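What follows is each chain in one-letter form.
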Amino acid sequence: MNSRTTQSSQLFRRAQQVIPGGVNSPVRAFGAVGGVPRFIAKAKGSRMWDEDGNEFVDYIGSWGPMILGHAHPKVAEAIRLTLEDGTSFGAPTKREIELAELVLKAYPSCERVRFVSSGTEATMSALRLARGVTNRKYIVKFRGNYHGHSDGLLVQAGSGMLTASGGSSNSAPSSAGVPAEFASLTLVADYNVPETLEQLFKDFPEQIAAVIFEPVVGNAGLLEPTPAFLTSLHELCKINATLLIADEVMTGFRLSPGGATQLLKLEPDIVCWGKIIGGGLPVGAYGGSANIMDFVAPSGPVYQAGTLSGNPLAMAAGIATLTELEKNPPYAQLEVYGQKLQMGLEIAALEAGVPLMVNRVGSMLTAFFQAGNVTTYNDAVKSDTEAFKLFFNAMLERGVYLPPSQFEAAFISSEHDQTDLEMTLNAAREAFAVVAAGL
Ligand SMILES: *Cc1c(COP(=O)(O)O)cnc(C)c1O
């Protein structure tokens, strides 16, 4: 069993002296699961190694980008070759056009794409664009959907909102440092509960610039959209001349060659990307029809810029990743592996007498520790987080690295194989026994 944490413990203490909480993104601190966050030394394919030399089957995949596994030879080679020619110029380059063409080819409804350096920047800029195009000030997001950490998106429904019909303007900041005035411009509806969206359109007629959503939610644990929700979302936006923004930062190029948009036949006005399109380097993007995108500076009046936007190394990693996905599409294989993992977990939990509901779309999966169907955010939060915590730590001890929160999705890469699967399910059988003993 894997339990050496000497180096990680020391590094975590040292990190806390110089970095807030010892990490550069909160979930990495293992706050929801306890224990020592593992400091990763290297990764290759489906595996990661920490500073103590422990080996893990990795189901985080850097939270989504690593669909081809870690340090894929073609991606690594592209980065190496690009590096020789310099790492940033602050001037246009050919690679930006190549990546733009690859992205747009996969999303036929989009004619222009602007590259930025993170998913946060992509959604933030997409919302500014939507406001610029419509000349309206309100936006709508869904509870439990995550779109990065810009002010207007760190917002939660105010108390009382979810009891009656839903619609209400009393949104509140979900982070200190976000003024209530900013939060008040973001209205919050319930994912998969169309009535709550309908109510907001009634309460704010001709004032809603955009509705932003995760087509398949990864950030509340995995939630799949119901057909009724998707239909209603599209109709309401169309009737109200509100722009529909599909946040495909996580799902783009993961759920199908054309992401969730292709898989679910969505018709978004603006699409946001990140993660996979940067092949593990910092990239985000937003795109749409020429009519809409030509509002962006310097073509139009909506300002948006970036010193490192379209960075050569990031473009090269993205081009190599999307090219490989196109040449050797892993989607069928990811589906098979996903199915086996899902079934294996369900059977192991059943045998151990642990209530478990596994939600999965392709290579994204969440095992919720509860018996009921998980369709809405309200369903997700009913999960037994103490059971999850026991399970997570038991899996980590046995060399399987899952996302350290019940409300995140696990990611499979094209490099996960039968050996990984067997190791994972063997660990899961033992881990569910640990959970059962602790219940
Ligand atoms: C990760 C993520 C973001 C934020 O991207 P960053 O690169 O972390 O800023 C936005 N939206 C969704 C759906 C994401 O999964």
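Structure shown above.
Residues numbered from 1 in each chain as written. Predicted model: local features only at pLDDT ≥ 70, side-chain atom pairs only at ≥ 80, totals over all residues. Heavy atoms only, no water.

With that out of the way, let us pick up the overall build of the protein chain. A tally of regular secondary structure across the protein chain gives 14 helices and 16 strands. Taken over the C-alpha atoms alone, the protein chain extends approximately 60 × 60 × 45 Å along its principal axes. Looking at the protein chain as a whole, 56% of its 439 residues qualify as buried. Taking the contacts inside the protein chain whose residues are at least 6 apart along the sequence as the reference set, 72% of them involve residues at least 24 apart. Side-chain charges of the protein chain comprise 33 positive and 43 negative groups, with the mean position of each set lying 3 Å from the other. (Helix = DSSP H or I, 4+ residues; strand = E, 2+ residues; numbered from the N terminus. Buried < 20%, exposed > 50% of the residue type's maximum accessible area, 1.4 Å probe, protein only. Contact = heavy atoms within 4.5 Å. Lys, Arg positive; Asp, Glu negative; His and termini not counted. Charge placed at Lys NZ, Arg CZ, Asp CG, Glu CD.)

What follows is about the packing of aromatic side chains. According to the stated counting rule, one finds 15 aromatic pairs in the structure shown. Ring centres of Phe142 and Tyr191 lie 6.1 Å apart, and the angle between their planes is 85°; this geometry places the pair in the edge-to-face category. Here Phe142 is found in strand β5 (residues 138–142), whereas its partner Tyr191 is found in the loop between β8 (186–189) and α6 (194–203), with 49 residues between them in sequence. Residue classification places Tyr191 among the buried residues on the basis of a relative accessible area of 0%. Aromatic pair Tyr191 and Phe229: ring centres 4.8 Å apart, planes at 55°, arrangement tilted. Of the two residues, Tyr191 is situated in the loop between β8 and α6 and Phe229 in helix α7 (residues 227–239); the sequence distance between them amounts to 38 residues. (Phe/Tyr/Trp six-rings, centres within 6.5 Å; stacked < 30°, edge-to-face > 60°.)

Attention now goes to the site of the ligand. Taken together, the neighbourhood of the ligand is formed by Ser118, Gly119, Thr120, Tyr146, His147, Gly148, Glu214, Asn219, Asp247, Val249, Met250 and Lys275. A distance of 2.8 Å separates an oxygen atom of the ligand from a polar atom in the backbone of Gly119. Contact between the ligand and Asn219: an oxygen atom at 3.2 Å from a side-chain N or O atom of the residue. Of the residues assigned to the shell around the ligand, the class counts are three nonpolar, six polar and three charged. (Near = heavy atom within 4 Å. Polar contact = N/O pair within 3.5 Å; in protein donor to acceptor, adjacent residues only side chain to side chain. Nonpolar A, V, L, I, M, F, W, Y, C, P; charged D, E, K, R; others polar.)

A word on the packing of helix α13 (residues 385–397) against helix α14 (residues 418–438). Two elements in contact, α13 and α14, have axes whose closest approach is 8 Å; the angle formed by their N-to-C orientations is 140°. Taken together, the axes of α13 and α14 are oblique relative to one another. Classified by chirality, the crossing of α14 by α13 is right-handed. Every residue of α14 that contacts α13 at Ala387, Leu390, Phe391, Ala394 and Met395 is listed here: Thr424, Ala427, Ala428, Ala431, Phe432, Val434, Val435 and Gly438. Tallied by class, the residues present in the contact of α13 with α14 amount to 11 nonpolar, two polar and no charged. (Axes fitted to C-alpha atoms, helices over the stretch in contact; angles between N-to-C directions. Parallel < 35°, antiparallel > 145°, perpendicular 65-115°, else oblique. Left-handed = near helix turned anticlockwise from the far one by under 90°.)

It is worth spelling out unusual backbone geometry at this point. Most of the time, phi is negative for any residue but glycine, and the peptide bond is trans. Pro298 follows Ala297 through a cis peptide bond whose omega is 5°. Along the polypeptide, Pro298 turns up in the loop between α9 (290–293) and α10 (312–327). The phi dihedral of Trp63 falls on the positive side, at around 70°, and the residue is not glycine. With respect to the secondary-structure elements, Trp63 resides in the loop between β3 (55–58) and α2 (73–83). The phi torsion at Lys275 lies on the positive side, around 45°, for a residue other than glycine.

What follows is about the pattern of salt bridges. Under the definition given, this model contains 11 salt bridges. In this structure, Glu326 engages Lys105 in a salt bridge whose closest nitrogen and oxygen atoms are separated by 3.2 Å. Placement of the pair is Glu326 in helix α10 and Lys105 in helix α3 (residues 94–106), with a sequence separation of 221 residues. With relative accessibility at 46%, the residue Glu326 sits in the partly exposed group. A salt bridge links Glu430 to Arg398, with the nearest nitrogen and oxygen atoms 2.7 Å apart. Within this pair, whereas Glu430 is found in helix α14, its partner Arg398 is found in the loop between α13 and β15 (400–401), the two being separated by 32 residues in sequence. (Salt bridge = Lys/Arg side-chain N within 4 Å of Asp/Glu carboxyl O.)

Reading across from one edge, β1-β2-β3-β15 is the order of the four strands in this open sheet, with mixed pairing throughout. Strand pairing shows two members of the sheet lacking a second neighbour, β1 (40–44) and β15, which therefore form its edges. (Pairing = 2+ DSSP bridges.)

Let's shift gears to α6. Along α6, the positions that sit buried rather than exposed are Pro194, Thr196, Leu197, Gln199, Leu200 and Phe201. Of the surrounding secondary structure, the elements contacted by the buried residues of α6 are β5, β8, β9 (208–213) and α7.

On to the sheet that holds strand β16 (residues 410–411), then. Here three strands make up an open sheet; going across it, the order is β13-β14-β16 and the pairing antiparallel. Taken across any chain shown, the strands that pair with only one partner, and hence form the sheet edges, are β13 (357–361) and β16. Pairing geometry for strand β14 (residues 364–368) and β16, over two bridges, is antiparallel. Paired with Leu365 across the bridge in β16 is Ala410. Seen against the sheet, helix α11 (residues 331–352) touches β13 and β14 and runs at an angle of roughly 175° to β13.

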